[in-house]
Amino acid sequence: GIAFRFSKDMQDKDLSNPLAAWGSIVEGVDEGDDWLKVGNRYLPISFQGFRVLVEQVDAPPEPKRQVARTRPKPRPGDYYALLGVSR
C-alpha cells in the first residue's frame with residue numbers, strides 16, 4: 001500500500017493510520033498537481049516514476065447499511081483505484 005500524507009510533501013507521511021491498500025478504491029479530488037485530496041489528507045497520483053492511482057469511470061456500489069444516515073451525504077469526489085507497483 002501507500003501512506004497518506006498530511007500535506008503534498010512525500011516525506012509528510014501519516015503513519016498513525018492504515019495505508020491505502022493496493023487494489024482498493026478511494027474517493028478524492030484531483031488537485032491538478034499529481035496529488036489526490038482524500039478527506040483532509042493526500043495521496044500521490046504517481047510514486048517513484050510510476051502511476052499508482054487511476055481514475056475510475058464508475059463509482060463503486062454503495063455498501064448496504066443497516067442504520068439510516070443522520071448526516072447529509074458529503075459531496076462526492078472522483079473515485080481512484082490504487083494500482084500495484086511491480087519492480
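Caption draft 1: Structural context of the overall build of the protein chain. Looking only at helices and strands, the protein chain has 0 helices and 7 strands in total. Listing each helix as α and each strand as β along the protein chain from the N terminus yields β-β-β-β-β-β-β. Residues classed as buried in the protein chain amount to 26% of the 87 residues present. Sequence separation of 24 or more characterises 57% of the internal contacts of the protein chain that already satisfy a separation of 6 or more. In the form shown here, the protein chain has an accessible surface area of approximately 6400 Å², with 51% of it arising from carbon and sulfur atoms.

Caption draft 2: Looking closely at the packing of aromatic side chains. Under the definition given, this model contains 0 aromatic pairs. Directly above the aromatic system of Phe4 lies the positively charged group of Arg41, at a separation of 3.9 Å from the ring centroid.

Caption draft 3: Quick look at the pattern of salt bridges. Inspection of the entire model under this criterion finds 3 salt bridges. Lys8 is the partner of Asp33 in a salt bridge, and the nearest nitrogen-oxygen pair spans 2.8 Å. In this pair, Asp33 is assigned in the loop between strand E1 (25-30) and strand E2 (35-38) and Lys8 in the segment before E1, connecting sequence segments 25 residues apart. We classify Asp33 as partly exposed; its relative accessible area is 37%. Residue classification places Lys8 among the partly exposed positions, given a relative accessible area of 34%. Overlapping salt bridges, with partners in common, bring together Lys8, Glu31 and Asp33 in one network.

Caption draft 4: Representation of the side chain of Arg41 in the model. On the secondary structure map, Arg41 appears in strand E3 (residues 41-44). Judged by its relative accessible area of 17%, Arg41 is buried. A polar atom in the side chain of Arg41 sits 3.0 Å from the side chain of Asp14. Beyond its immediate stretch of four places on either side in the chain, Arg41 contacts Phe4, Arg5, Asp14, Asn17 and Leu36.

The rules behind these values
Residues numbered from 1 in each chain as written. Predicted model: local features only at pLDDT ≥ 70, side-chain atom pairs only at ≥ 80, totals over all residues. Heavy atoms only, no water. Helix = DSSP H or I, 4+ residues; strand = E, 2+ residues; numbered from the N terminus. Buried < 20%, exposed > 50% of the residue type's maximum accessible area, 1.4 Å probe, protein only. Contact = heavy atoms within 4.5 Å. Areas by Shrake-Rupley, 256 points an atom, 1.4 Å probe, with all protein chains shown as cover. Phe/Tyr/Trp six-rings, centres within 6.5 Å; stacked < 30°, edge-to-face > 60°. Lys NZ or Arg CZ within 6 Å of the ring centre and 35° of its normal. Salt bridge = Lys/Arg side-chain N within 4 Å of Asp/Glu carboxyl O. Polar contact = N/O pair within 3.5 Å; in protein donor to acceptor, adjacent residues only side chain to side chain.

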